[in-house]
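Given next are the chains, with one letter for each unit.
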Amino acid sequence: MKLKIAIQKSGRLYDDSVKLLKECGIEFNNGVNRLRSEAVNFPLEVLYLRDDDIPQYVADGVADLGIVGANVSGEKQKSVVLVDELGFAKCRLSIAVPNREQYTGTEWLQGKKIATTYPVLLREYLSARQISADIHEISGSVEIAPGIGLADAICDLVSSGSTLFLNGLQEAEVVLRSEAVLIAHPGLPEEKQVLLDKLLFRIQSVKRSRNYKYILMNVPDDRIGRVTGILPGIKSPTVMSLVKDGWSSLHTVVQEDDFWNIIEQLKEEGAEGILVIPIEKMIV
Ligand code: PRT
Ligand code: ZN
């Protein structure tokens, strides 16, 4: 019994999808022009597909799992289960209007023509706000639609915003915040569910480790109490005496979000020689 996972054949999701599986300790050959490959040390087969086709393959059970953008999964409306968010390929599906327009709010969109490759998500968004607009589905280069007179506004993916900027557009509304997600065929047989749970346990350890850093520092003994008070470690920090009298080495794990804040406070409290080390896996 093997799990089959569909990932993007090439494109923005490919590298991070392969990297995630490899960080989960799964070894496979991912050469170009492959349609599939088998992992050597985990019962997993990897299928390489266009991202747009992945939800359908997973719904049909041709693949048990898939890695795809939440935007694609949402747009395709196939019957799949959302298993986990994977933290990469973050972007937003947004409505944008030409810079010269005074955008006042969603009522501005009433009766307008909006070009998009995401008609389903856009229609859902507009009808929830009682806006009726003319949704014009196109298959690519959405950002040029207002400039060539094809539409009044667009609804497209944005990450840095530079495509909008270069095309004289301003972001007006966020329809969906997206990132890569792991989806599954609903009602997997028990044996596959067991394998999925194993894989998910590994994915979660990898994801957790990305959010945390291991830090070590030297602290005067009389400051250990105060320094420990700053550190929100998973458990209490480890303290070891240094050969140098009156000093200790203190080790703990901190979350990336508060990181710089914590480092500044540690320095103020007299910590020295602070080392920050990435964590490869974190099993809690
Ligand atoms: O060939 P295949 O069909 O498999 O790939 P694709 O060409 O359809 O998709 P691909 O590889 O471009 O994107 C795959 C997924 O990456 C998308 O479905 C999103 O989930 C995610 N993603 C993240 C993005 C972006 N960021 C992104 N910026 N997908 C597309 N873009 C495009 C956007 O469409 C626009 O043209 O980048 C431009 C905007 O970028 P900024 O940085 O200028 O704002
Ligand atoms: Zn695609």
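For the structure itself, consult the block above.
This report concerns the structure included in the present document. (Residues numbered from 1 in each chain as written. Chains lettered and ligands numbered in written order. Predicted model: local features only at pLDDT ≥ 70, side-chain atom pairs only at ≥ 80, totals over all residues. Heavy atoms only, no water.)

### Side note on the packing of aromatic side chains
To be explicit about the condition: Pairs were defined over the aromatic rings of Phe, Tyr and Trp, the Trp ring being its six-membered one, requiring ring centres within 6.5 Å. Orientation was assigned from the angle between planes: stacked under 30 degrees, edge-to-face over 60, tilted for the rest. Exposure categories follow from relative accessible area, calculated using a 1.4 Å probe and restricted to protein chains: below 20% of the type maximum is buried, above 50% is exposed, and the middle band is partly exposed. Whether a charge sits over a ring depends on NZ of Lys or CZ of Arg being within 6 Å of the ring centre and within 35 degrees of the ring normal.
Scanning the entire structure with this criterion turns up one aromatic pair. Note on Y103 and W108: the rings are 5.8 Å apart at their centroids and 55° apart in plane angle, and the pair reads as tilted. Under the relative-accessibility criterion, W108 is labelled buried at 10%. Stacked on the ring of W108, the Lys or Arg K112 has its end atom at 4.2 Å from the ring centre. Across from the ring centre of Y125, 3.8 Å away, lies the NZ or CZ of R129, which sits over that ring.

### Things to note about the site of ligand 1
Operational definition: Proximity is defined per residue: if any heavy atom of the residue lies within 4 Å of a molecule or strand, that residue is considered near it. The term polar contact refers here to a pair of N or O atoms within 3.5 Å; inside protein, the definition further demands a hydrogen-donor-capable atom paired with an acceptor-capable atom, and it admits residues adjacent in sequence only when both atoms are side-chain atoms. Only the protein chains shown count as cover for residues, with accessible areas throughout obtained via the Shrake-Rupley method and a probe of 1.4 Å. Buried and open spaces are told apart on a 1 Å grid over the protein atoms alone, a cavity being a set of points where a 1.4 Å probe fits but cannot get out and a pocket being an open set with protein on both sides within 12 Å along at least five of seven lines. Residues with an atom within 4 Å of a point are the lining residues. If over half the atoms of a molecule are within 2 Å of the grid points of a cavity or pocket, the molecule is regarded as sitting in it. Runs of E in the DSSP output that reach at least two residues are strands. Runs of H or I that reach at least four are helices, and both are numbered from the N terminus. In this count, Pro and Cys sit with the nonpolar residues alongside Ala, Val, Leu, Ile, Met, Phe, Trp and Tyr, while Asp, Glu, Lys and Arg are called charged and the others, Gly among them, polar.
D52, N71, S160, G161 and T163 are the nearest of the 21 residues found near ligand 1. In this structure, S159 approaches ligand 1 through a side-chain N or O atom, which is 2.8 Å from a nitrogen atom. G161 places a polar main-chain atom, nitrogen or oxygen, 2.7 Å from an oxygen atom of ligand 1. Protein chains shield 77% of the accessible area of ligand 1, which is 840 Å² for the free molecule. When atom positions are compared with the pocket grids, ligand 1 is found to occupy the largest pocket. Looking at which element gives the most residues to the shell around ligand 1, the answer is strand β9 (residues 153–158), with three residues. Residues that form the shell around ligand 1 fall into these classes: six nonpolar, ten polar and five charged.

### Looking at the layout of surface pockets
Space left empty within the atom packing is revealed by a probe, the size of a water molecule, rolled over the atoms. We count it as follows: Grid points are joined across faces, edges and corners, and a volume is the space filled by probe spheres set on the points.
By volume, the largest pocket amounts to about 1,100 Å³. If you trace the largest pocket, you find 34 residues lining it, with R12, N71, Y118, D156 and L157 closest to the centre. Elements that contribute at least two residues to the lining of the largest pocket include exactly α3 (70–76), β9 and α5 (162–166). The element best represented in the lining of the largest pocket is α3, accounting for four residues. Of the residues belonging to the lining of the largest pocket, the class tally is eleven nonpolar, 13 polar and ten charged. What the second largest pocket holds in volume is close to 150 Å³. Along its surface, the second largest pocket is lined by A70, S73, V80, V81, L82, E85, L176, R177, S178, E179, V181 and I183. When residues of the lining of the second largest pocket are traced back to their parent elements, those giving at least two are α3, β5 (81–85), β10 (169–178) and β11 (180–184).

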